[in-house]
Amino acid sequence: MLKLENLQLTFEKGTIGEKKALKGLNLSLDKGDFVTIVGSNGAGKSTLFNAIGGRYRLDEGSICLDGVDLTGLPEHTRARDLGVLKQDPLKGTAPTLTIEENLALAYGRRSKGGIFATNRKDLKYYRELLSSLDLGLEDRMKTPVGKLSGGQRQAVTLLMCTIASPKLLLLDEHTAALDPVNARKIIEITQRIVSLKSITTLMITHDIQMALTVGNRTIMMDDGRVILDIAGDERENMTMEKLLESYRAKSSRRLIDDRMLLS
Amino acid sequence: MTLLIGSMELGLIYGILALGVYTTFRILNIPDLTVEGSFVLGMAVTAVFTVGGDPVLGLAAAILAGALAGACTGLLQTKLMINPILSGIIVMTGLYTVNLSIMGGKANMSILGNDTIFTMVGSKTLVALVLAISTAAIIGTFFRTRVGLAIRGTGDNEEMVRAASIDADRTKCLALAIGNGLVALSGGLIAQYQLFSDVGSGAGIVVIGLASVIIGEVLLGRRGVAYGLFTAVGGSIIYRVIIAFALKVDLFPPYSLKLISAVVVMLALSGPYVKKVLRDKASTRKRRSMVKHIKEYVG
């Protein structure tokens, strides 16, 4: 499904601040995989997402999604089959447009409904989707998104990311800016949508407990590489302590504080 | 009365300019200076066609020429990564030469004695009214289409538009082309209205457009895009009426037009911030006086 081969990426190449962010990263996902990613700050997690999304150019390596080589394609072309959700609830929606207009923008690549942005059939579909969130947003479809709370905006963004049934969903700490109640709610909605549409998903999180319970596979990144990749029984039996232990054993960084992984 | 009708006609024609400025400034969120050149471009192109006996074709050509100029600015911004405001200034500067050469190297051109769209219909007010309202309606409808929504999204959150698999570079160029097409149409109509084209008439035109947009918003309220387009035209009419009366009562000399426009735009744009500062000051004063009272009471 998703095949990443020998990804190499350097920031500010040839300058004194040169930093290798990805150092030959390899990863391969099956269809329907829900993989959680953990790793300390600077491990290259978000860089990996930006490389897949096309924001950053790779020095070397290839990204293959469902048999299509994405490596040279521009950002908006890749976005056709990608859903990306970031930490900041303000980033994923257009604040002055209404909820239905935001959904219409995201659904545009799949909708077959004529030249006008909204039509009755699409609106009915949006209403169904919104009511499945259970936040009462289906009755506020004409409200500008800027008037919603952070949790509500993130829920709408989640719908926008998945409305076009992307082949791959990238979640970059998408609950980190929310309060615990809203964060749990968003995670529940995420799990429901992902399993309903069986979207292959990568999720970055700093919550180790969440990383081990959500999804079916967990990888740990360090210094631009994957250093741990667990699934099935091995993952079932993994605890936070054991994970930290193996991090200490495998990490290239010495004198590391456990909190670095958790923060 | 003549004064009122005259300013109404001018207000409607400049209202189309306001629609163009609204598209780039309010919807795309870029203050576009190409307008200063594309307004005259519209004038020049229309003047040449009008002298050739094709006033209506001239207006159509003006729209196309303006759109082309806007698309150039868009390409400078998106493909060559030049700062948006600077892109506008560059194209505007280049257009000065283009405009002169269209008018045969002369700084102005008279179309006196030729048929214009106004003489063909017979009523200046009717032509201005129909064109301004139908243009606003067409643009308003356009912004409800998928492409129109994509443009509005681009002005609001570009990153999100790219994430929705929309080429934001293209929507930007398109919006700039539409905005400048409208501005050029307005310029062409002005040329036919006043029966001459002058290479210097673009100076300060962007501020006049902004003034119209802002006066409309302040006096008629902000309520969505379609409504906003009509308030822009309304604002343009109100602006012309104010100016006409200010000049009529000899309050200001005729050449003070641009200073007045500049001050109006400055006041309107700084309004929300100044209001906030004054409110904060007032509440601080209130708190201080309360503290003083309490101290007096206790002590």
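Another aspect to go through is the overall build of chain B. Counting its regular elements, chain B contains 12 helices and 2 strands. The dimensions of chain B, computed from C-alpha atoms along their principal axes, are 90 × 55 × 35 Å. By residue count, 49% of the 299 residues in chain B fall in the buried class. When contacts within chain B are restricted to residue pairs at least 6 apart in sequence, those whose partners lie at least 24 apart make up 79%. Accessible surface, chain B as shown: approximately 14,200 Å² in total, 70% of it carbon and sulfur. Distance between charge centroids for chain B: 12 Å, based on 25 positive and 15 negative side chains.

Looking now at a nonpolar patch on the surface. Taken together, B:Met1, B:Leu3, B:Leu4, B:Ile5 and B:Phe245 make up a surface patch of nonpolar side chains, about 470 Å² in accessible area. Within the secondary structure layout, B:Leu3 lies in helix H1 (residues 2-27).

Each aromatic ring pair is summarised here by two numbers: the centre-to-centre distance and the angle between the ring planes. Residue and element names in this part refer to chain A. Scanning the entire structure with this criterion turns up 7 aromatic pairs over all chains. Judged by centre distance (5.1 Å) and plane angle (85 degrees), the ring pair of Phe11 and Tyr56 falls under edge-to-face. Here Phe11 is found in strand S1 (residues 2-11), whereas its partner Tyr56 is found in the loop between helix H1 (45-53) and strand S4 (60-65), with 45 residues between them in sequence. Phe11 sits in the partly exposed class, given a relative accessible area of 28%. Both rings, one in Tyr107 and one in Tyr125, keep their centres 5.4 Å apart while their planes meet at 50 degrees; by these two values the pair is tilted. One end of the pair, Tyr107, is in helix H3 (residues 99-107); the other, Tyr125, is in helix H4 (residues 120-133), with 18 residues separating them in the sequence. Accessibility expressed as a relative area gives 25% for Tyr125, which makes it partly exposed. Chaining the aromatic ring pairs together yields one cluster made of Tyr107, Tyr125 and Tyr126.

Before going further, it helps to spend a moment on the sheet that holds strand S7 (residues 168-172) of chain A. All names here are of chain A. One open sheet accounts for 6 strands, arranged S6-S7-S8-S3-S9-S10; its pairing is mixed. Each edge of the open sheet is held by one strand with a lone partner, namely strand S6 (82-85) and strand S10 (225-231). Strand after strand, the sheet turns through a mean of 15 degrees between neighbouring axes, direction not considered. Bridge analysis of strand S9 (residues 217-222) against S10 gives 6 bridges, and the strand direction is antiparallel. Of the residues in S10, the one forming a bridge with Met220 is Leu228. Its contacts with the sheet put helix H6 (residues 180-197) on strand S3 (34-38), S7 and strand S8 (200-204), and the angle it makes with S3 is roughly 140 degrees.

The next subject is the confidence of the model for chain A. In this model, chain A carries an average pLDDT of 89, and 95% of its residues clear a pLDDT of 70 or more. Mean pLDDT values over the elements of chain A span from 56, in helix H10 (residues 258-262) of chain A, up to 96, in S8(A).

Right, let's talk about the interface of chain A and chain B for a bit. Counting residues at the interface gives 31 residues for chain A and 19 residues for chain B. Interface area lost by chain A to chain B is led by A:His76, A:Leu105 and A:Phe116, which between them contribute 32%. The tally of links between chain A and chain B comes to 4 salt bridges. The partner of A:Asp122 in a salt bridge is B:Arg146, and the shortest N-O contact between them spans 3.5 Å.

In terms of nonpolar packing, the biggest core is built from 52 residues, with B:Leu17, B:Phe39 and B:Leu189 touching the most fellow members. At the level of elements, H1, helix H2 (34-51), helix H5 (117-121), helix H6 (124-142), helix H9 (168-194), helix H10 (205-220) and helix H11 (224-248) of chain B are the ones that each hand at least two residues to this core. The dominant element in this core, judged by the number of residues it contributes, is H1(B), at 11 residues. Dropping the residues within four chain positions of it, B:Leu189 is found in contact with B:Ile13, B:Ile16, B:Leu59, B:Ile117, B:Phe118 and B:Leu131. Residues A:Leu130, A:Leu137, A:Cys161 and B:Ala168 belong to the second largest nonpolar core, which totals 47 residues.

What follows concerns the sheet that holds S1(A). Remark on secondary structure: sheet strands pair via backbone hydrogen bonds, oriented parallel or antiparallel. Residues and elements named next belong to chain A. Reading across from one edge, S2-S1-S4-S5 is the order of the 4 strands in this open sheet, with antiparallel pairing throughout. A single partner strand is all that each edge strand has here, and the edge strands are strand S2 (19-29) and strand S5 (68-69). Pairing of S4 with S5 involves 2 bridges; the strand directions are antiparallel. Residue pairing across strands places Leu65 opposite Val68, the latter belonging to S5. H1 contacts S1, S2 and S4 of the sheet and is inclined by roughly 110 degrees relative to S1.

Moving on to unusual backbone geometry. All names here are of chain A. Unlike most non-glycine residues, Asp134 shows phi in positive territory, near 65 degrees. Here Asp134 lies in the loop between H4 and helix H5 (150-162). According to the relative accessible area criterion, Asp134 is exposed, its value standing at 59%. Despite not being glycine, Ser198 has its phi angle at roughly 40 degrees, a positive value. On the secondary structure map, Ser198 appears in the loop between H6 and S8. Exposure remark for Ser198: the relative accessible area of 39% places this residue in the partly exposed category.

With that settled, consider the side chain of A:Thr205. All names here are of chain A. You can see Thr205 is positioned in the loop between S8 and helix H7 (208-213). For Thr205, a relative accessible area of 7% gives the class buried. In this structure the side chain of Thr205 is engaged in a polar contact, spanning 3.0 Å, whose partner is the backbone nitrogen of Asp207. The contact partners of Thr205, leaving out residues within four places of it in the chain, are Ile37, Val38, Glu173, Met210 and Ala211.

Residues and elements named next belong to chain B. Relative to each other, H2 and helix H4 (residues 84-102) sit at 20 degrees, their axes nearing to 8 Å. The angle between the axes of H2 and H4 places the two elements in the roughly parallel class. Crossing of H2 against H4: the hand is left-handed. Contacts between H2 and H4 involve Thr34, Glu36, Gly37, Ser38, Val40, Leu41, Ala44, Val45 and Val48 from the first element and Gly88, Val91, Met92, Leu95, Val98, Asn99 and Ile102 from the second. Here the residues of the contact of H2 with H4 sort into 10 nonpolar, 5 polar and 1 charged.

Below, the discussion takes up the environment of B:Ser289. Residue placement: B:Ser289 occurs in helix H12 (residues 257-298). Polar side-chain contacts of B:Ser289 include one of 3.0 Å to the backbone oxygen of B:Lys286.

Moving on, we come to H12(B). Between its first and last C-alpha, H12(B) extends 59 Å over 42 residues, near the 62 Å set by a 1.5 Å rise per residue. Of all the bends in H12(B), the greatest, near 55 degrees, is centred on B:Gly271, and the proline B:Pro272 appears no more than four residues after it.

Criteria and cut-off values
- Residues numbered from 1 in each chain as written.
- Chains lettered and ligands numbered in written order.
- Predicted model: local features only at pLDDT ≥ 70, side-chain atom pairs only at ≥ 80, totals over all residues.
- Heavy atoms only, no water.
- Helix = DSSP H or I, 4+ residues; strand = E, 2+ residues; numbered from the N terminus.
- Buried < 20%, exposed > 50% of the residue type's maximum accessible area, 1.4 Å probe, protein only.
- Contact = heavy atoms within 4.5 Å.
- Areas by Shrake-Rupley, 256 points an atom, 1.4 Å probe, with all protein chains shown as cover.
- Lys, Arg positive; Asp, Glu negative; His and termini not counted.
- Charge placed at Lys NZ, Arg CZ, Asp CG, Glu CD.
- Patch = residues over 30% accessible without salt bridge, like charges linked within 9 Å, V, L, I, M, F, W, Y side chains within 5 Å.
- Salt bridge = Lys/Arg side-chain N within 4 Å of Asp/Glu carboxyl O.
- Phe/Tyr/Trp six-rings, centres within 6.5 Å; stacked < 30°, edge-to-face > 60°.
- Pairing = 2+ DSSP bridges.
- Axes fitted to C-alpha atoms, helices over the stretch in contact; angles between N-to-C directions.
- pLDDT = per-residue confidence, 0-100.
- Buried area = accessible area lost by both parts, 1.4 Å probe.
- Core = buried A, V, L, I, M, F, W, Y, C linked by side-chain atoms within 4.5 Å.
- Polar contact = N/O pair within 3.5 Å; in protein donor to acceptor, adjacent residues only side chain to side chain.
- Parallel < 35°, antiparallel > 145°, perpendicular 65-115°, else oblique.
- Left-handed = near helix turned anticlockwise from the far one by under 90°.
- Nonpolar A, V, L, I, M, F, W, Y, C, P; charged D, E, K, R; others polar.
- Expected span 1.5 Å × (residues − 1).
- Bend = angle between axes of the 7 residues up to and from the residue.

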